[in-house]
Amino acid sequence: MTKPMRRIAAIVATAAMSVALSACTQGHWVYSAPPAAGVQADDGGVKLRNFLIIADAEGKGMLLGAVATRDADIAVEGFTVTPGLHDGSYGKPVTVDFSEEVRKGATIYIDGETTQFSSPDLTPGMLAEVDVTFADGTVVNLDVPVMPSDHPDYQEWWDKYAA
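Below, the structure is looked at part by part. What you see is a predicted model; the values in this text were computed from it and never measured.

1. With respect to the nonpolar core
Thought 1: Core analysis: the biggest nonpolar cluster contains 38 residues, and L48, F51, I53, V67 and F79 have the highest contact counts within it.
Thought 2: Mapped by element, the contributors of at least two residues to this core are β2 (46-55), β3 (60-69), β4 (74-83), β5 (94-102), β6 (107-110), β8 (127-134), β9 (139-148) and α2 (155-161).
Thought 3: The element best represented in this core is β2, accounting for 7 residues.

See the structure below:
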């Protein structure tokens, strides 16, 4: 495992453990509300895990998460991020260029190094709609939390990749 992959795995594990150990789920883990900072979704054998956005007050952001497949090789072809606005509507969609193959039984980690983007509509504390597009035409939609870049859990990650 490469150094960046170990780091994202450690951050994801730390975030999941901190929420799980805080008893916020009161001992009853619910699949639709996992004990992690990000969100998850399944589409057949494809699993999207712990997707979240870290953003600053100026609208600069980075997408984090993981994509795993259990049944077949797949390819992620990109992301579209549409920030949620305070009035309940959505801002202008932003395309995040990204392309990576995921081998059967493997996981790729989206660590923010290559998934940075900017939108004047991106606001920490809000949600953003994220469409994950696959080479076969499948699109999986997630409502992803936008976390502040100065939050202690993300500050080091932000400083490393957003500089």
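From this point, the discussion proceeds with the structure in view.
2. What about the environment of G84?
Thought 1: Relative to the assigned elements, G84 resides in the loop between β4 and β5.
Thought 2: G84 gets classed as buried once you look at its relative accessible area, which sits at 8%.
Thought 3: It is 9.8 Å that separates the C-alpha atoms of G84 and P145, two residues lying 61 residues apart in sequence.
Thought 4: Apart from residues no more than four positions distant in its own chain, G84 is found in contact with S89, Y90, D121, M126, L127 and A128.

3. Some words on the pattern of salt bridges
Thought 1: By the definition in use, this model includes 5 salt bridges.
Thought 2: Among the salt bridges present, the one from D42 reaches K47, with a minimum N-O distance of 3.8 Å.
Thought 3: With a relative accessible area of 35%, D42 lands in the partly exposed category.
Thought 4: Notably, a salt bridge pairs D42 with R49, separated by 2.7 Å at the nearest N-O pair.

4. A look at the packing of aromatic side chains
Thought 1: According to the stated counting rule, one finds 3 aromatic pairs in the structure shown.
Thought 2: With a centroid separation of 5.2 Å and 40 degrees between ring planes, the pair formed by F79 and F98 is classed as tilted. Residue F79 is found in strand β4, and its partner F98 is found in strand β5; the two are separated by 19 residues along the sequence. Of the two residues, F79 and F98, both sit in the buried class.
Thought 3: Of note, K160 hangs over the ring of W157, and the distance from its end group to the ring centre comes to 5.7 Å.

5. Describing unusual backbone geometry
Thought 1: In the Ramachandran plot, N50 falls in the positive-phi region, its phi being about 50 degrees despite a non-glycine side chain.
Thought 2: Following the sequence through the fold, N50 ends up in strand β2.

6. Thoughts on the pairing of strand β1 (residues 39-43)
Thought 1: Taken together, the 4 bridges between β1 and β2 define a ladder with antiparallel strand orientation. Residue A41 lies in a different strand from β2, and its bridge partner there is L48.
Thought 2: The hairpin turn running from β1 into β2, its antiparallel successor, is 2 residues long, and G44 in that turn takes a positive phi close to 65 degrees.

7. Looking at the pairing of β4
Thought 1: Most of β4 is tucked away: 8 of the 10 residues are buried.
Thought 2: Pairing geometry for β4 and β5, over 7 bridges, is antiparallel. Each bridged residue has a counterpart across the sheet, and for G78 the counterpart in β5 is D97.
Thought 3: With 7 bridges connecting them, β4 and β8 associate as antiparallel partners. Bridge assignment links P83 to a residue of β8, and that residue is A128.

Conventions used here
- Residues numbered from 1 in each chain as written.
- Predicted model: local features only at pLDDT ≥ 70, side-chain atom pairs only at ≥ 80, totals over all residues.
- Heavy atoms only, no water.
- Core = buried A, V, L, I, M, F, W, Y, C linked by side-chain atoms within 4.5 Å.
- Buried < 20%, exposed > 50% of the residue type's maximum accessible area, 1.4 Å probe, protein only.
- Helix = DSSP H or I, 4+ residues; strand = E, 2+ residues; numbered from the N terminus.
- Contact = heavy atoms within 4.5 Å.
- Salt bridge = Lys/Arg side-chain N within 4 Å of Asp/Glu carboxyl O.
- Phe/Tyr/Trp six-rings, centres within 6.5 Å; stacked < 30°, edge-to-face > 60°.
- Lys NZ or Arg CZ within 6 Å of the ring centre and 35° of its normal.
- Pairing = 2+ DSSP bridges.

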